[in-house]
Amino acid sequence: MTDADERPPAALSADEAAVLAYEGRTWPGPGAKERAIREGLGMPPVRYYQLLNALMDDPRALRHAPGTVNRLRRIREAQRARR
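Criteria and thresholds
- Residues numbered from 1 in each chain as written.
- Predicted model: local features only at pLDDT ≥ 70, side-chain atom pairs only at ≥ 80, totals over all residues.
- Heavy atoms only, no water.
- Buried < 20%, exposed > 50% of the residue type's maximum accessible area, 1.4 Å probe, protein only.
- Helix = DSSP H or I, 4+ residues; strand = E, 2+ residues; numbered from the N terminus.
- Arc of directions from axis to C-beta.
- Core = buried A, V, L, I, M, F, W, Y, C linked by side-chain atoms within 4.5 Å.
- Contact = heavy atoms within 4.5 Å.

Asker: Honestly, helix H4 (residues 45–55) in this entry has me stumped. Any pointers?
Answerer: It helps to recall that an α-helix has 3.6 residues per turn; residues three or four apart then point in one direction. For H4, every residue scored as buried is listed here: Pro 45, Tyr 48, Leu 51, Leu 52 and Leu 55. Projected down its long axis, H4 shows its buried positions confined to an angular sector of 125°, all on one face.

The following block contains the structure:
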């Protein structure tokens, strides 16, 4: 085993943690979430959803927010099953 194998896994970036936090919230109506993404995170919603999709398969995200990630995975699997 090398020193690299013994290092703890890297933590999520601030953007990644913020995306998971936003995804764990409830939103009052249509457009509120997208507006909050633009204003609060300073990124376009398309970038947010790209990052979110990558996080759903990232073990670091699962350790950081297991409830949110597992819920998103269940939704994704249900959508795939309907296709």
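Asker: It is not clear to me how the nonpolar core should be interpreted in this structure. Could you clarify?
Answerer: Ranked by size, the top nonpolar core spans 18 residues in total, and within it Val 19, Leu 20, Leu 41, Tyr 48 and Leu 55 carry the most contacts. Of all the elements in the fold, those that place two or more residues in this core are helix H2 (14–23), helix H3 (32–41), H4 and helix H6 (66–82).

Asker: What is the right way to look at H3 in this model?
Answerer: Of all the residues in H3, the buried ones are Ala 32, Lys 33, Ala 36, Ile 37 and Leu 41. Along the long axis of H3, the arc covered by the buried residues comes to 135°, so they all point the same way. The inward-facing, buried residues of H3 contact H2 and H4. Gly 42 occupies a position one or two residues after H3 and carries a positive phi of about 70°.

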